[in-house]
Amino acid sequence: MRAAVRHVADGTFLVHGEDTNWVILTEGDAVTLIDTGYPGDRAGLLASLAEVGSSPEAVTAVLITHAHNDHQGSAEYLSATYGAPVLTHQAEVPHARRDFLHQVSVGRVLRGGWRPGVLPWAAHALRSGATANVAVTAPEPFPGPGPLDLPGRPVPVHTPGHTAGHCAFHLPDTGVVVSGDALVTGHPTARARGPQMLTDMFHHERATAVASLDVLAELDGDLLLPGHGPLHKGPVRDAARLARERAQ
Ligand SMILES: [Zn+2]
Ligand SMILES: [Zn+2]
């Protein structure tokens, strides 16, 4: 499976997998990996690390925006094979372990199958491992508020709603916001382009997800790296407000 690597800021790479994005933050050959794509993205994930001059052995930590299969697909693999710790928000830890699963069911997707794009997306998602077991054995919560002592010094920002422990990551020095699924710029099931929320069925608590757009609107940045869709340039504040208007 292919993956397209895009250098977007100093030491910051946005990678487009088949349907999902991940982000690589580099410091020398050490990297922080934010999200890991679907299980089916693994070859692309490993190729993307090589393309930025790194390797899976050099992954200092795997950060998970949230524990859906299209973001957590290779987290346990990297942890079990290379010893990388997997970090996520305290409220997402049990979800990452699969104590429970807050992810849209196949049945609910099929009930929305009349919408343009839904069935082709669902077929691809199933092939990529949307229902595979990607439980992480020992996910760890972020150690505390503020920047993480990892390559890129990312700052977790709790943006619940899509899932209870969903986090964005802010890179204040480069004005980058990695928004995960709290704010995206496109999706195979969406007709609109540009900053927007995912379709309702994907959110665990939609009203909370809408409120989290206000959290993103407080962040100082002008490069938005979403979990789905292309890079968006321009004030993140405006992107979050636009998504909120569209959500009404
Ligand atoms: Zn998600
Ligand atoms: Zn996603």
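Residues numbered from 1 in each chain as written. Chains lettered and ligands numbered in written order. Predicted model: local features only at pLDDT ≥ 70, side-chain atom pairs only at ≥ 80, totals over all residues. Heavy atoms only, no water.

A. Expanded view of the coordination of the zinc ion (ligand 1). Note on the zinc ion (ligand 1): its protein donors are His 66 (NE2), His 68 (ND1), His 162 (NE2) and Asp 181 (OD). The metal-donor distances range over 2.1 to 2.3 Å. For the zinc ion (ligand 1), all donor residues lie on one chain, and their spacing in sequence is H-x1-H-x93-H-x18-D. A separation of 3.4 Å is found between the zinc ion (ligand 1) and the zinc ion (ligand 2), which share Asp 181 as a coordinating residue. Taken together, the residues span a long stretch of sequence, with His 68 in the loop between strand E5 (59-63) and helix H2 (69-72) and His 162 in the loop between strand E8 (155-158) and strand E9 (167-171) at a distance of 94 residues. With respect to class, His 68 is no different from His 162; both count as buried. (Donors = N, O, S within 2.8 Å, 3.2 Å for Na, K, Ca; no water. Helix = DSSP H or I, 4+ residues; strand = E, 2+ residues; numbered from the N terminus. Buried < 20%, exposed > 50% of the residue type's maximum accessible area, 1.4 Å probe, protein only.)

B. Structural context of the side chain of Gln 196. By secondary structure assignment, the location of Gln 196 is in the loop between strand E10 (176-180) and helix H7 (206-217). At 2.9 Å, the side chain of Gln 196 forms a polar contact with the backbone oxygen of Ala 192. Looking at Gln 196, its side chain comes within polar contact range of the main-chain oxygen of Gly 194, at 3.0 Å. Those residues within four positions of Gln 196 in sequence are excluded, and the remaining contacts are Leu 183, Val 184, Thr 185, Gly 186, Ala 190, Ala 243 and Arg 246. (Polar contact = N/O pair within 3.5 Å; in protein donor to acceptor, adjacent residues only side chain to side chain. Contact = heavy atoms within 4.5 Å.)

C. Structural view of the pairing of E10. Counting buried residues in E10 gives 5 out of 5 residues, a clear majority hidden from the surface. Residues Val 176, Val 178 and Gly 180 of E10 are buried on one face, and the alternating residues Val 177 and Ser 179, pointing to the opposite face, are buried as well. Bridge analysis of E9 against E10 gives 3 bridges, and the strand direction is antiparallel. In the strand pairing of E10, His 170 is matched with Val 177. Regarding topology, H7 serves as the crossover connection from E10 to the parallel strand E11 (residues 223-226), and that connection is right-handed. (Pairing = 2+ DSSP bridges. Right-handed = clockwise from strand over helix to strand, strands pointing away.)

D. Local environment of the coordination of the zinc ion (ligand 2). Taken together, the protein ligands of the zinc ion (ligand 2) are Asp 70 (OD), His 71 (NE2), Asp 181 (OD) and His 228 (NE2), with distances of 2.1 to 2.2 Å. Considering all 4 donor atoms around the zinc ion (ligand 2), angles at the metal cover 90 to 155 degrees and the coordination shape is irregular. Taken in chain order, the donor set of the zinc ion (ligand 2) reads D-H-x109-D-x46-H. (Tetrahedral: all angles 85-135°; square planar, octahedral: opposite > 155°, others 65-115°.)

E. Local environment of the packing of H7 against helix H8 (residues 236-247). In contact at an axis separation of 8 Å, H7 and H8 are set at 155 degrees when each is read in the N-to-C sense. The angle between H7 and H8 falls in the class roughly antiparallel. Helix-helix and strand crossings are classified by hand; for H7 and H8 the assignment is left-handed. Contacts between H7 and H8 involve Arg 206, Val 210, Ala 211, Leu 213, Asp 214, Leu 216 and Ala 217 from the former and Val 236, Arg 237, Ala 240, Ala 243, Arg 244 and Ala 247 from the latter. The residue inventory of the contact of H7 with H8, partitioned by class, reads 9 nonpolar, no polar and 4 charged. (Axes fitted to C-alpha atoms, helices over the stretch in contact; angles between N-to-C directions. Parallel < 35°, antiparallel > 145°, perpendicular 65-115°, else oblique. Left-handed = near helix turned anticlockwise from the far one by under 90°. Nonpolar A, V, L, I, M, F, W, Y, C, P; charged D, E, K, R; others polar.)

Honestly, that's just the spatial picture; any functional story needs more than this.
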